[in-house]
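So the chains spell out like this:
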Amino acid sequence: MTAIARALTIAGSDSGGGAGIQADLKTFQELGVYGMTALTAVTAQNTLGVQGIYPMSAEAVQKQMDAIGEDIGADAVKTGMLFNSEIIRAVGEKLAQYRWDKVVIDPVMIAKGGSVLLMEEAVRALREVLMPLSLVVTPNIPEAELIAGISIQGLDGRKEAARILAGLGARNVIMKGGHDESNPNEAIDLLFDGRDFYEFSGPRFVTRHTHGTGCTFAAAVTAELAKGCNVLEAVELAKAFIQAAIEEPLNLGQGHGPTNHWAYRRRFVSAQAQPPAHPAPGASE
């Protein structure tokens, strides 16, 4: 690895700046990682919803990945909105070609406003092509239900889905807990490493400004992996990063506003403070 950690995001553009490529680059920068992009689609969207989606060709996505792979290189790679099966298979080819093994798959399917961002036929390609190439996959509950093909209820349901996703080839599965309403006070993210489960909990903060939380969380995991952290360390930092981003909203827009990407730095880095000491995440059965 070079002295400067490098991370590549393969995702769509969010004109509102809260999710997608824009959220990923902001997160990489905040965490001291050099960010690069391969654009899969341009979206016209804001806090009120998605007004249009304009995908790139699979060839254009591969050419962007070649531009990075043949020159600068990447220590970790994140995927976000990939839109269709052609792009997914094209991305899979290049991930294998450049032997990028620190791959974080954020299976972006539906925007906060309800717009479908992954075509139905692409879910199969996601299972078959990307899951076996992933070091980490970071679904929320609706995404995990589609990939695993089951209905998820509570913590036990998330554990069952995590085992199914691991069976598809993912080496680590992070089941995000934002959509789990069984616990009104805490948001618990689950990490399954193929053997043990680890819980990362934080207080549930009620706000409509949560656009881009999934992108931002996965980007933070990617940034830490690029810097040489292990998966457990990367998830712990990412949890603190997204918790700060949600708890200090920017209050932008009339709908689902973006999270605050500089909140973590202002809390812990600029103030020369250490993140709050949490008990080491414990393994559970």
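Rules and cut-offs
Residues numbered from 1 in each chain as written. Predicted model: local features only at pLDDT ≥ 70, side-chain atom pairs only at ≥ 80, totals over all residues. Heavy atoms only, no water. Helix = DSSP H or I, 4+ residues; strand = E, 2+ residues; numbered from the N terminus. Buried < 20%, exposed > 50% of the residue type's maximum accessible area, 1.4 Å probe, protein only. Contact = heavy atoms within 4.5 Å. Areas by Shrake-Rupley, 256 points an atom, 1.4 Å probe, with all protein chains shown as cover. Expected span 1.5 Å × (residues − 1). Polar contact = N/O pair within 3.5 Å; in protein donor to acceptor, adjacent residues only side chain to side chain. Phe/Tyr/Trp six-rings, centres within 6.5 Å; stacked < 30°, edge-to-face > 60°. Lys NZ or Arg CZ within 6 Å of the ring centre and 35° of its normal. Axes fitted to C-alpha atoms, helices over the stretch in contact; angles between N-to-C directions. Parallel < 35°, antiparallel > 145°, perpendicular 65-115°, else oblique. Left-handed = near helix turned anticlockwise from the far one by under 90°. Nonpolar A, V, L, I, M, F, W, Y, C, P; charged D, E, K, R; others polar.

Trainee: I keep staring at the overall build of the chain and nothing clicks. Help me out?
Mentor: Per the secondary structure count, the chain includes nine helices and 10 strands. By residue count, 55% of the 285 residues in the chain fall in the buried class. Taking contacts inside the chain between residues at least 6 apart in sequence as the whole, the part at least 24 apart equals 69%. Accessible surface for the chain amounts to roughly 12,300 Å². Of this, 52% is attributable to carbon and sulfur atoms.

Trainee: Help me out: how do you make sense of helix 8 (residues 231–247) in this one?
Mentor: What sets the pattern is the α-helix's 3.6 residues per turn: residues three or four places apart point alike. Taking 1.5 Å of rise per residue, the 17 residues of helix 8 would be expected to cover 24 Å, and the 24 Å separating its terminal C-alpha atoms lies within 8% of that figure. The buried count for helix 8 comes to 13 of 17 residues, which makes it a mostly enclosed element. N-cap assignment for helix 8: the residue whose side-chain oxygen lies 3.2 Å from the backbone N of Leu232 is Asn230.

Trainee: I'm lost on the packing of aromatic side chains in this one. Help?
Mentor: Aromatic ring pairs are described here by two measures, namely the spacing of the ring centres and the angle between the planes. For the coordinates displayed, the defined rule picks out four aromatic pairs. Ring centres 5.0 Å apart and planes at 70 degrees place the aromatic pair Tyr264 and Phe268 in the edge-to-face group. Here Tyr264 pairs with Phe268, and both are found in helix 9 (residues 263–269), just four residues apart, close to one helical turn. Taking the relative accessible area as the measure of exposure, Phe268 reaches 12% and is therefore buried. Here the aromatic residues Phe241, Tyr264 and Phe268 are joined through ring pairs into a cluster of three or more. Between Lys159 and the ring centre of Phe197, over which it is positioned, the NZ or CZ distance is 5.3 Å.

Trainee: In this structure, what is going on with the packing of helix 1 (residues 20–30) against helix 7 (residues 213–226)? I would like to understand it.
Mentor: How two helices sit against one another is set out by the angle between their axes and by the gap between those axes. With their axes 9 Å apart at the nearest point, helix 1 and helix 7 run at an angle of 40 degrees to one another. Relative to helix 7, helix 1 is oriented oblique. Here the hand of the crossing between helix 1 and helix 7 comes out right-handed. Contacts from Gly20, Ala23, Asp24, Thr27 and Phe28 of helix 1 reach helix 7 at Cys215, Thr216, Ala219, Ala220, Thr222 and Ala223. Residue composition of the contact of helix 1 with helix 7, by class: six nonpolar, four polar and one charged.

Any link to function would need more than the numbers given here.
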